[in-house]
Protein chains: 2
Amino acid sequence: MGERRLYNIAVIGGTGAQGSAVALRLAAAGHEVTIGSRDAAKARAAGVELSACAGKTIAGSDNSTAAGAAQIVFLTVPYSAQAATATALFDVLHEKILVDATVPLATDKPARVQLPQGRSAVATLQELAGSAVRVVSALQNVSAAHLRDRQHPVPCDVLVCGNDPAARDIVIGLCADMGLRAFHAGGIENSAAAEALTSVLIAINRLYKVPGGAGIRITRVAD
Amino acid sequence: MGERRLYNIAVIGGTGAQGSAVALRLAAAGHEVTIGSRDAAKARAAGVELSACAGKTIAGSDNSTAAGAAQIVFLTVPYSAQAATATALFDVLHEKILVDATVPLATDKPARVQLPQGRSAVATLQELAGSAVRVVSALQNVSAAHLRDRQHPVPCDVLVCGNDPAARDIVIGLCADMGLRAFHAGGIENSAAAEALTSVLIAINRLYKVPGGAGIRITRVAD
């Protein structure tokens, strides 16, 4: 697992509910975090607002500047924006870890599993990016509501998929920094399981009216 | 939820590790269980062996006889046999519930998610069968080792998918009879999540050396 390191991290889509919670938790753990947005002014404003809460400065800039300056880049944008947003950043992502939290939800029927062309959205991005970008899939199943709530333990484990085990290790460490229990879950194509599971959790939330959202725990694995 | 009912149940593939554990648990809960196999003699022998353990007679016969006499049919055969085995039974499955536990594992790489044509194996069977058969997906994630072990609680919840909520309700009740916590998890296409998750659990078992196999718990849902 190695020693704990602090990184320069960009959170693309960090003005959204999920991204801002990720930025907050990473900054509170001591990492240097920059929020990325298409609109740099909006990113800076979000950074200022989150900084007070994190107890540490969170910067903001346009996506390309944020990703270019970072060692590790989180992608937390809606599925409809995933490919275009990431593709525009490939030039500055060489050899970097891109943590993709994308879930391919159907806008009209999010509780229904609909994998694009039957495949994982994140695995598809890894193919698009080529092996120069170390794409790691994570955070699909954790609701933004639970991520925002730093007063309670997050009731959801994180499945971490990717073709580079060392990159997965680093992301598992970042999840631990965020207070999340995370597991190696296999190659990037296994992201399909996490992506599909989100629709199942949405179905369960609707049927059972789960406050904050249901999650998953992996059982029988030693901490 | 309704009152608890006892059913005549066939377990097709009931001579295997998963099927025999299902047959045992259902019989021990009071249901009339018949093991189905291509080989009727083998099915009867398995029934005799399991009866002693269940404290109740478990019958055995060929697949078609077992399914024809049952109200509810469990399908617990390897993926490679799923479509052919089920198709041969469609005639005797009209209006019945077919509980399909199939996981489309790649024989050479079971820890790698590989949904057939990117789709759920069980949803594909529902299409093949047509709406006259009430296909319900269940039990994909519970390891046979845990199912066999009646001395300890099974450390895994069951995701129950299907297009007929009343049929799902009945299957959730049967899971409860087997000592398993089960949840409505949406329409039959959502079975893709459970099927893919099994490969992730196999990957986790390998990486973390989990005794008996890892499972999942759905968090935050009231029991």
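Draft legend 1. Main features of unusual backbone geometry. Residue and element names in this part refer to chain A. Although it is not a glycine, Gln117 sits at a positive phi angle of roughly 50 degrees. Phi is positive for Arg220, close to 75 degrees, though the residue is something other than glycine. Counting through the fold element by element, Arg220 comes out in the segment after strand S9 (215–219). For Arg220, a count of 18 C-beta atoms within 10 Å translates into the label partly exposed.

Draft legend 2. Representation of the relation of the copies chain A and chain B in the model. Rotating chain A by 180 degrees and moving it 0.0 Å along the rotation axis overlays it on chain B with an RMSD of 0.0 Å. Both copies of the chain, as the preceding transformation shows, are related through a two-fold rotation axis. Of the C-alpha atoms belonging to chain A, the one lying closest to the rotation axis is found on A:Gly118, 1.8 Å away. Of the residues that chain A buries at the interface, 100% are likewise interface residues in chain B, meaning the two copies contact each other through the same surface.

Draft legend 3. View of the pairing of strand S9 (residues 215–219) of chain B. Examined bridge by bridge, S9(A) and S9(B) share five bridges and lie antiparallel to one another. What sits directly across from A:Gly215, in S9(B), is B:Thr219.

Draft legend 4. Broad picture of the interface of chain A and chain B. Facing the 38 residues of chain A at the interface are 38 residues of chain B. Contributions of two or more residues to the side of chain A that touches chain B are made by strand S8 (182–184), helix H8 (191–208) and S9 of chain A. For the side of chain A that touches chain B, the element with the highest residue contribution is H8(A), accounting for 10 residues. Counted by class, the side of chain A that touches chain B contains 23 nonpolar, 10 polar and five charged residues.

Draft legend 5. Molecular detail of the sheet that holds strand S3 (residues 59–62) of chain A. Residues and elements named next belong to chain A. The strand order across the open sheet built from eight strands is S3-S2-S1-S4-S5-S6-S7-S8, with neighbouring strands paired in mixed fashion. Edge positions in the sheet fall to S3 and S8, since each of these pairs with one other strand and no more. Taking the axes of each pair of neighbouring strands and ignoring which way they run, one obtains an average angle of 25 degrees across the sheet. Where strand S5 (residues 97–100) meets strand S6 (residues 134–137), four bridges bridge the pair, whose relative direction is parallel. Along S6, the bridge assignment pairs Leu98 with Val135.

Cut-offs used in this document
- Residues numbered from 1 in each chain as written.
- Chains lettered and ligands numbered in written order.
- Predicted model: local features only at pLDDT ≥ 70, side-chain atom pairs only at ≥ 80, totals over all residues.
- Helix = DSSP H or I, 4+ residues; strand = E, 2+ residues; numbered from the N terminus.
- Buried ≥ 20, exposed ≤ 12 C-beta atoms within 10 Å, placed from the backbone.
- Least-squares fit on C-alpha atoms with pLDDT ≥ 70 in both.
- Contact = placed C-beta atoms within 7 Å.
- Pairing = 2+ DSSP bridges.
- Nonpolar A, V, L, I, M, F, W, Y, C, P; charged D, E, K, R; others polar.
- Axes fitted to C-alpha atoms, helices over the stretch in contact; angles between N-to-C directions.

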